[in-house]
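Chains, contacts and geometry: an overview
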Amino acid sequence: MSKVVNYSMANRGSVARFLPARDLNAEESRLLGLMREKARKRQASLDAQGVYWGLSVHDALEELIDGRADSTAEYAGSAYYAALQIVIDHNASDSDTLASYRSPVTLFSALDDALSAAGVPADLLAFQYIYSGPPSEIGFRIPRPPEGSPEIGCWPLAIAGQAVDAYRAVLDRIDLDLRYDLEELIKALDSWSSDWNEGRGAWWWAEDGSLFFSIVG
């Protein structure tokens with residue numbers, strides 16, 4: 001079964017503002033209402049598929065906005081990550097799809113190995129960002145899904161441009177079996193990092209702008 005890797009741009013602080021949600025302004029309260037509605041719809045979809053994680057998505061969202069994630073259900077991490085993705089989506093740009101992979105863990109691990117062998121510094125390798133989990137600005141631990149789906153990653157745009165330059169510099173030394181996937185990653189990073197670097201001073205710009213990755217399937 002394949003997994004789809006999607007990405008969108010959001011500011012980490014805007015996402016963390018809702019975890020916990022305190023003293024929200026009118027617009028933030030409106031967004032929270034939309035998140036709650038989306039969480040109920042997401043759970044209804046799971047119910048229709050016969051999928052239950054021991055914690056509903058809407059209850060997971062309520063815990064997160066209360067500043068906690070302390071369910072002991074075995075698959076609670078899946079509900080928390082689904083709820084967190086809803087928070088991200090309501091603070092982010094429209095989502096784009098990077099690709100569908102049989103095993104993105106295998107692909108990005110192999111890509112890291114190839115890039116490292118070609119001389120790319122460790123702090124610019126892809127796996128650590130695509131599979132980073134929730135942003136560090138969230139001040140409490142959110143359990144990971146036990147079976148690795150869904151997954152969340154966060155890549156700060158402040159260093160994405162450096163990764164683009166490093167990847168392009170070694171592209172012709174990367175095995176052909178990995179080169180297409182690397183090129184697609186470069187395109188995604190370059191598009192947003194260029195906009196971010198050129199957008200300083202714009203109403204939407206923030207120092208903590210990041211690409212958020214969502215891996216589902």
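So, here is what we can say about the structure in this document. Since we're looking at a predicted model, the values are computed, not measured. (Residues numbered from 1 in each chain as written. Predicted model: local features only at pLDDT ≥ 70, side-chain atom pairs only at ≥ 80, totals over all residues. Heavy atoms only, no water.)

1. Structural notes on the overall build of the protein chain
- Across its full length, the protein chain holds eight helices and four strands.
- When its helices and strands are written in sequence order, the protein chain yields β-α-α-α-α-β-α-α-β-α-α-β.
- The C-alpha atoms of the protein chain give a radius of gyration of 18 Å, which matches the 17 Å a tight globule of 217 residues would have.
- Taken over the C-alpha atoms alone, the protein chain extends approximately 50 × 45 × 25 Å along its principal axes.
- Buried residues in the protein chain amount to 49% of all 217 residues.
- Sequence separation of at least 24 residues holds for 71% of the intrachain contacts in the protein chain that already meet a minimum separation of 6.
- Of the charged side chains in the protein chain, 19 are positive and 32 negative; the average position of the first set lies 3 Å away from that of the second. (Helix = DSSP H or I, 4+ residues; strand = E, 2+ residues; numbered from the N terminus. Rg over C-alpha atoms; globule rule 2.2 N^0.38 Å. Buried < 20%, exposed > 50% of the residue type's maximum accessible area, 1.4 Å probe, protein only. Contact = heavy atoms within 4.5 Å. Lys, Arg positive; Asp, Glu negative; His and termini not counted. Charge placed at Lys NZ, Arg CZ, Asp CG, Glu CD.)

2. Considerations on the packing of helix α2 (residues 26–48) against helix α3 (residues 57–65)
- Contact geometry for α2 and α3: axes closest at 7 Å, N-to-C directions at 145 degrees. Contacts between α2 and α3 involve L32, M35, R36, A39, R40, R42, Q43 and L46 from the first element and V57, H58, L61, E62 and I65 from the second.
- Along the lines of polarity and charge, the residues of the contact of α2 with α3 split into seven nonpolar, two polar and four charged. (Axes fitted to C-alpha atoms, helices over the stretch in contact; angles between N-to-C directions. Nonpolar A, V, L, I, M, F, W, Y, C, P; charged D, E, K, R; others polar.)

3. A closer look at helix α5 (residues 104–117)
- Its 14 residues place the ends of α5 20 Å apart at the C-alpha level, agreeing with the 20 Å of an ideal helix rising 1.5 Å per residue.
- Buried residues belonging to α5 abut β1 (3–11), β2 (96–101), α6 (127–130), α7 (157–170), α8 (176–198) and β4 (209–216).
- Where α5 terminates, the next one or two residues include G119, which has phi positive at roughly 105 degrees. (Expected span 1.5 Å × (residues − 1).)

4. Here's the deal with the packing of aromatic side chains
- Counted under the stated rule, the structure contains six aromatic pairs.
- Relative to Y131, the ring of F127 lies with its centre 4.6 Å away and its plane at 20 degrees, an arrangement referred to as stacked.
- Since its relative accessible area comes to 25%, F127 is described here as partly exposed.
- With a relative accessible area of 10%, Y131 lands in the buried category.
- On the numbers, 6.3 Å between centres and 45 degrees between planes, the contact of W155 with F213 is tilted. With W155 in strand β3 (residues 151–156) and F213 in strand β4, the pair connects residues that are 58 residues apart, well separated along the chain. (Phe/Tyr/Trp six-rings, centres within 6.5 Å; stacked < 30°, edge-to-face > 60°.)

5. Side note on α2
- Between its first and last C-alpha, α2 extends 34 Å over 23 residues, near the 33 Å set by a 1.5 Å rise per residue.
- Here α2 has its buried residues at E28, L31, L32, M35, A39, Q43 and L46.
- For α2, the capping residue at the N-terminal end is N25, with a side-chain oxygen 3.1 Å from the backbone nitrogen of E27.
- After α2 finishes, the residue G50 shows a positive phi value of roughly 75 degrees. (Polar contact = N/O pair within 3.5 Å; in protein donor to acceptor, adjacent residues only side chain to side chain.)

6. Focus: the pattern of salt bridges
- According to the stated counting rule, one finds 11 salt bridges in the structure shown.
- Between D70 and R68 there is a salt bridge, and its shortest N-O distance comes to 2.8 Å.
- A residue is classified by how much of its surface remains accessible, and D70, at 47% relative accessible area, is partly exposed.
- For R68, a relative accessible area of 34% translates into the label partly exposed.
- The partner of R168 in a salt bridge is D190, and the shortest N-O contact between them spans 2.9 Å. Of this pair, R168 sits in helix α7 while D190 sits in helix α8, placing them 22 residues apart in sequence.
- What makes D190 partly exposed here is its relative accessible area of 22%. (Salt bridge = Lys/Arg side-chain N within 4 Å of Asp/Glu carboxyl O.)

7. Comments concerning the nonpolar core
- One finds F108, W155, Y167 and L185 to be the most contacted residues of the largest nonpolar core, which totals 41 residues.
- Among the elements of the structure, β1, β2, α5, α6, α7, α8 and β4 are those that each provide at least two residues to this core.
- When residues of this core are assigned to their parent elements, the largest contribution, eight residues, is made by α8.
- Residues within four places of F108 in sequence aside, it is in contact with V5, L98, Y101, A126, F127, I130, Y131 and L185.
- Core analysis: the second largest hydrophobic core is formed by 35 residues, A16, L32, L64 and I138 among them. (Core = buried A, V, L, I, M, F, W, Y, C linked by side-chain atoms within 4.5 Å.)

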